[in-house]
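Chain by chain, the residues run as shown.
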Amino acid sequence: SQQGEEDPQALSIQEGENATMNCSYKTSINNLQWYRQNSGRGLVHLILIRSNEREKHSGRLRVTLDTSKKSSSLLITASRAADTASYFCATSGNAGKSTFGDGTTLTVKP
Amino acid sequence: GAGVSQSPSNKVTEKGKDVELRCDPISGHTALYWYRQRLGQGLEFLIYFQGNSAPDKSGLPSDRFSAERTGESVSTLTIQRTQQEDSAVYLCASRPTGGTGELFFGEGSRLTVL
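If you're wondering where the values come from, they're calculated on a predicted model, not measured in any experiment.

In this fold, B:R95 is placed in strand 8 (residues 88-95). One buried charged residue, B:R95, remains without a salt bridge, the closest side chain of opposite sign being B:E102 at 10 Å. The residues contacting B:R95, other than those within four sequence positions of it, are A:G96, B:H29, B:T30, B:A31, B:Y33, B:Y48, B:Q50, B:G101, B:E102 and B:L103.

Residues and elements named next belong to chain B. Summarising the element assignment, Q80 is placed in the loop between strand 7 (75-79) and strand 8. Linking Q80 and G28, residues 52 residues apart in sequence, is a C-alpha distance of 30 Å. Once you skip the residues sitting within four places of it in the chain, Q80 turns out to touch K17, D18, D63 and R64.

Below, the discussion takes up the layout of surface pockets. The volume enclosed by the largest pocket comes to roughly 530 Å³. In this structure, the largest pocket is lined by 25 residues; those nearest its centre are B:Q37, B:R38, B:L39, B:G40 and B:Q41. Elements that contribute at least two residues to the lining of the largest pocket include exactly strand 1 (5-7) and strand 9 (85-92) of chain A together with strand 8 and strand 10 (109-113) of chain B. Here the lining of the largest pocket is composed, by residue class, of five nonpolar, 13 polar and seven charged.

Here the focus is the sheet that holds strand 7 of chain B. All names here are of chain B. With antiparallel pairing, the four strands of this open sheet are ordered in space as 1-3-7-6. Both outer strands of the open sheet, strand 1 (5-7) and strand 6 (65-69), are each paired with one neighbouring strand and no more. Within the sheet, the average angular offset between the axes of one strand and its neighbour, ignoring direction, is 15°.

Per-residue pLDDT for chain A has a mean of 91; in total, 96% of the residues score no lower than 70. When the elements of chain A are averaged for pLDDT, strand 1 of chain A gives the smallest value, 80, and strand 7 (residues 61-66) of chain A the largest, 97.

The next point concerns the sheet that holds strand 1 of chain A. Residue and element names in this part refer to chain A. Spatial ordering of the open sheet is given by 1-3-8-7-6, a layout of five strands whose pairing is antiparallel. A strand with exactly one partner marks an edge of an open sheet, and here the two such strands are strand 1 and strand 6 (55-58). Across the sheet, the mean angle from the axis of one strand to that of its neighbour is 20°, orientation sign disregarded. In terms of strand pairing, strand 7 meets strand 8 (residues 71-76) through six bridges, oriented antiparallel. In the sheet register, L65 faces strand 8, and the bridge partner there is S72.

Moving on, we come to the pairing of strand 11 (residues 104-109) of chain A. All names here are of chain A. Residue alternation in strand 11 divides its side chains into a buried set, T104, L106 and V108, and an unburied set, T105, T107 and K109. With five bridges connecting them, strand 2 (residues 10-14) and strand 11 associate as parallel partners. Paired with A10 across the two strands is T105, which belongs to strand 11. Pairing analysis gives three bridges linking strand 9 to strand 11, with the strands arranged antiparallel. Across the sheet, residue A85 finds its bridge partner in strand 11, namely L106.

Between chain A and chain B, the contact holds 19 residues from the first and 21 residues from the second. Around 1,500 Å² of area is buried between chain A and chain B when both sides are counted, 48% of it from carbon and sulfur atoms. When the buried area of chain A at its contact with chain B is split by residue, A:L43, A:K97 and A:F100 rank highest and sum to 29% of it. Connecting chain A to chain B are one salt bridge. Between A:R41 and B:E107 there is a salt bridge whose closest N-O contact spans 2.5 Å. Joining chain A to chain B, the criterion identifies six residue pairs in polar contact (both at pLDDT 80 or more). Elements represented by at least two residues in the side of chain A that touches chain B include exactly strand 4 (31-37), strand 5 (43-50) and strand 10 (98-100) of chain A. Of all the elements, strand 5 of chain A adds the most residues to the side of chain A that touches chain B, at four residues.

Glancing now at unusual backbone geometry. Omega for the bond connecting A:D7 with A:P8 falls within 30 degrees of zero, at 0°, which places this linkage in the cis form. On the secondary structure map, A:P8 appears in the loop between strand 1 and strand 2. B:S7 connects to B:P8 through a cis peptide bond whose omega is -10°. Relative to the assigned elements, B:P8 resides in the loop between strand 1 and strand 2 (10-13). The phi dihedral of A:K70 is positive, around 50°, even though this residue is not glycine. Its place among the elements puts A:K70 in the loop between strand 7 and strand 8. A positive phi is found at B:R81, a non-glycine position, where the angle reads about 45°. Checked against the element boundaries, B:R81 lands in the loop between strand 7 and strand 8.

Thresholds applied
Residues numbered from 1 in each chain as written. Chains lettered and ligands numbered in written order. Predicted model: local features only at pLDDT ≥ 70, side-chain atom pairs only at ≥ 80, totals over all residues. Heavy atoms only, no water. Helix = DSSP H or I, 4+ residues; strand = E, 2+ residues; numbered from the N terminus. Buried < 20%, exposed > 50% of the residue type's maximum accessible area, 1.4 Å probe, protein only. Lys, Arg positive; Asp, Glu negative; His and termini not counted. Salt bridge = Lys/Arg side-chain N within 4 Å of Asp/Glu carboxyl O. Contact = heavy atoms within 4.5 Å. 1 Å grid on protein atoms, 1.4 Å probe; cavity = no way out; pocket = protein on both sides within 12 Å on 5 of 7 lines; lining within 4 Å. Points joined across faces, edges and corners; volume = space filled by probe spheres on them. Nonpolar A, V, L, I, M, F, W, Y, C, P; charged D, E, K, R; others polar. Pairing = 2+ DSSP bridges. Axes fitted to C-alpha atoms, helices over the stretch in contact; angles between N-to-C directions. pLDDT = per-residue confidence, 0-100. Buried area = accessible area lost by both parts, 1.4 Å probe. Polar contact = N/O pair within 3.5 Å; in protein donor to acceptor, adjacent residues only side chain to side chain.

Printed below as a string of structure tokens:
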């Protein structure tokens, strides 16, 4: 089974609204990363949060991590039509292997 | 090159044929990963190479799948006797040792088995 599981599976919002996606995982991790994938393309790294961090910001992105609940959230503020994509969380443990979830498909309507 | 390069970008083959997919990682990246992504789904881990260590093959779905890596450069994923269920995009990623942990992805190889 996948280590990371995102919810919701799909999210549709209006431009300007905020989008929140959640990720849950099962085992202990060194870090958790969020990636973006435009249709038919490879994945692009957005942000990494280490297991000893609780919150991190990068531009319009805010990531939180709760290791006690084994969950993370990605918030995209003031969304734009260009944010339309699939978003994946990935967890990495001591062995270095990175495991991905099934993703959240975000649609931002102009 | 500047990024991870995969070839071919598209491959159509007949059931039962063998296919080879190639990945050129970013120069100097010691870690290399292969993932499979079926249409509309997430990434399924296949195999992970780290330097000269034995690869983590725990994600290979059957003995029809194998992968090799020459030192810290090119990797080839081979699928023997392809089945229709093998149709997917195969993504390669690389990562430098001591980096932030970020994976750098190629654009993928789309495999269609007829």
